[in-house]
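Coordinate inspection notes
These are the residues of each chain, in order.
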Amino acid sequence: MSTAPTTVATDRPIPIAVASLPGIAPRLLLSDRRVEDLADYRRSGGYQPLENPDRLLGEVDESGLRGRGGAGFPLGIKLRSVREHGLRAGEAVIVANGEEGEPASVKDRWLMRHRPHLVLDGLRLAAAVVGARRGHVYVSDADAAAAIEAALLDAAEILGDLELSVLVVEAGYVSGEETAAIRAINGGPAKPSDKPPRPFEQGVAGMPTLVSNVETLAHIPHIARNGAASFRSRGTTSSPGTFLATVTGAGKPPVLYEIPHGLPFADLLAVHGVASDDVRGVLMGGYFGGLLSRDVLTGTLDHDSIRSLGGGLGCGAISLLTDQCPVAVAASVMRYFDRENAGQCGSCFNGTAAMAAVLDALRDGIAGADDLARLERWSVVLRGRGACATLDAATNVAATVLSRFPDAVADHRSGRCTTCDEAPYRTLRPFAVEIGARL
Ligand SMILES: Cc1cc2nc3c(=O)[nH]c(=O)nc-3n(C[C@H](O)[C@H](O)[C@H](O)COP(=O)(O)O)c2cc1C
Ligand code: SF4
């Protein structure tokens with residue numbers, strides 16, 4: 001591996017607008033479209049030597065940093081588990097999960113293409129905390145992979161003995177699930193496997209493995225440099241810090257925002273230039289979180305508030321429904337799950353296909369009362385089944401369209417949806433951010 005810094009020339013910027021909130025200095029986003037190279041990153045204080053990994057672990061605990069890949073699990077707890085299991089096993093491994101299977105999200109690809117050194121710095125620091133000497137960056141975007149590869153060459157001297165490699169897999173909704181990532185790195189298909197064992201017990205090469213989303217890792221250098229209190233100076237007590245949000249829909253081009261947790265949803269709409277009266281609902285947290293009604297207008301963008309509304313912040317993808325019918329959106333998302341599930345668990349592939357058939361029938365005005373009763377029952381009994389949480393995502397969509405949009409459901413039962421009459425909604429990947437990749 002070359003140790004002489006070279007110029008990163010392989011990256012293509014992502015052609016969407018990025019913005020932080022007025023008056024709030026971004027921690028992750030860059031204000032222009034440039035791709036940050038090693039010199040830029042070091043000038044901004046990156047890659048500082050880590051004197052004391054234990055102290056950093058304490059700061060991460062105190063910072064309250066929660067995973068940005070979907071579940072919002074506290075990073076400090078994960079780091080401790082992997083470190084303890086790694087000590088017993090004699091080795092730990094680290095995986096930066098940049099697969100970004102959610103079609104309406106672009107944040108991870110943006111980070112890897114624009115700030116590959118920030119991601120690698122976070123990876124380096126997390127590896128030091130858990131005692132990993134090996135790591136993998138797991139991606140499906142070829143341009144992101146090229147940016148990371150180039151950054152790895154440039155930072156070889158700084159990364160020292162840490163052995164890092166990049167694995168590119170075919171994009172897919174389930175490919176980013178943590179056990180799918182491990183299976184792929186171990187040479188298998190990028191499909192989920194049964195848990196236990198969980199990755200922190202047995203992951204890559206059977207070793208305790210930390211799987212962290214690339215945005216989660218990218219927050220660590222700020223904590224290492226400025227401490228937990230600085231990290232907590234934005235956000236709420238239980239959702240500290242800022243997060244990246246891909247905002248789509250409302251007839252506007254997508255924008256990637258860096259948002260402090262706790263921002264009123266109405267403030268985001270104002271910044272995005274969307275009238276609250278126009279918002280019919282939101283597909284929140286990616287396809288995983290299901291649909292929220294206009295109640296979201298009174299909420300704030302943090303885990304507690306969105307959970308109290310019956311949704312999840314997930315990976316920060318926020319899709320605004322204005323001219324779209326929620327029933328038709330739910331039908332398209334369910335069809336997506338029907339196509340994208342890994343086809344390994346009967347409850348998932350049969351259950352998702354059955355829910356998709358009922359939602360199609362509802363959208364087309366031919367679903368009966370029995371069909372809806374079945375859909376409602378499935379949305380409860382199928383929860384928690386299957387090797388991974390894809391079926392939970394599908395049941396979220398079914399449950400939320402039924403419970404949050406009773407009027408739209410009733411319109412479709414009686415075959416009188418004016419939205420669908422005027423503009424039928426059929427799409428393979430609702431609100432997907434198509435940025436193109438050099439594949
Ligand atoms: C079906 C499914 C797909 C997932 N896809 C991704 C993904 O693309 N990227 C990601 O970081 N996490 C994804 N996750 C979550 C991972 O399993 C894992 O929780 C995450 O990478 C952990 O990182 P974090 O703690 O930093 O959030 C997915 C989970 C499920 C159930
Ligand atoms: S639950 Fe569904 S997506 Fe997950 S492994 Fe089983 S079949 Fe695949």
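Residues numbered from 1 in each chain as written. Chains lettered and ligands numbered in written order. Predicted model: local features only at pLDDT ≥ 70, side-chain atom pairs only at ≥ 80, totals over all residues. Heavy atoms only, no water.

Glancing now at the layout of surface pockets. When its volume is computed, the second largest pocket comes out at roughly 390 Å³. If you go around the second largest pocket, you meet 24 residues; those closest to its centre are E100, R109, S140, A171 and R429. Elements with a minimum of two residues in the lining of the second largest pocket: α4 (107-114) and α12 (326-340). Class assignment for the residues of the lining of the second largest pocket results in 10 nonpolar, 4 polar and 10 charged. Taken domain by domain, the makeup of the lining of the second largest pocket includes at least three residues from each of domain 1 (25-231) and domain 3 (326-434). (1 Å grid on protein atoms, 1.4 Å probe; cavity = no way out; pocket = protein on both sides within 12 Å on 5 of 7 lines; lining within 4 Å. Points joined across faces, edges and corners; volume = space filled by probe spheres on them. Helix = DSSP H or I, 4+ residues; strand = E, 2+ residues; numbered from the N terminus. Nonpolar A, V, L, I, M, F, W, Y, C, P; charged D, E, K, R; others polar. Domains from an automatic or database assignment.)

This paragraph deals with the site of ligand 2. In the vicinity of ligand 2, the residues found are V174, P192, N341, A342, G343, Q344, C345, C348, G386, A387, C388 and T390. At a threshold of 2 Å from the grid points, most atoms of ligand 2 map onto the largest cavity. In terms of residue class, the shell around ligand 2 is built from 7 nonpolar, 5 polar and no charged. (Near = heavy atom within 4 Å. Sits in = over half its atoms within 2 Å of the grid points.)

Here the focus is the site of ligand 1. In the region of ligand 1, 18 residues are neighbours, and G69, K78, G101, N213 and T216 sit closest. G69 has a polar backbone atom sitting 2.7 Å from an oxygen atom of ligand 1. At a separation of 2.6 Å, an oxygen atom of ligand 1 approaches a polar side-chain atom of T216. Calculation on ligand 1 without its partners gives an accessible area of 610 Å², and the protein chains cover 89% of this total. In terms of residue class, the shell around ligand 1 is made up of 3 nonpolar, 9 polar and 6 charged. (Polar contact = N/O pair within 3.5 Å; in protein donor to acceptor, adjacent residues only side chain to side chain. Areas by Shrake-Rupley, 256 points an atom, 1.4 Å probe, with all protein chains shown as cover.)

Here the focus is empty space enclosed by the protein. A complete count under the given rule lists 2 cavities of 30 Å³ or more for this structure. Reported here for the largest cavity is a volume of approximately 90 Å³. Each pocket or cavity is described by its volume, and for the second largest cavity that value is around 60 Å³. For the second largest cavity, the full set of lining residues is G67, R68, K107, E215, F243, L244, H261, H303, L313, G314, C315 and G316. If you count residues domain by domain, the lining of the second largest cavity takes at least three from each of domain 1 (25-231) and domain 2 (242-317).

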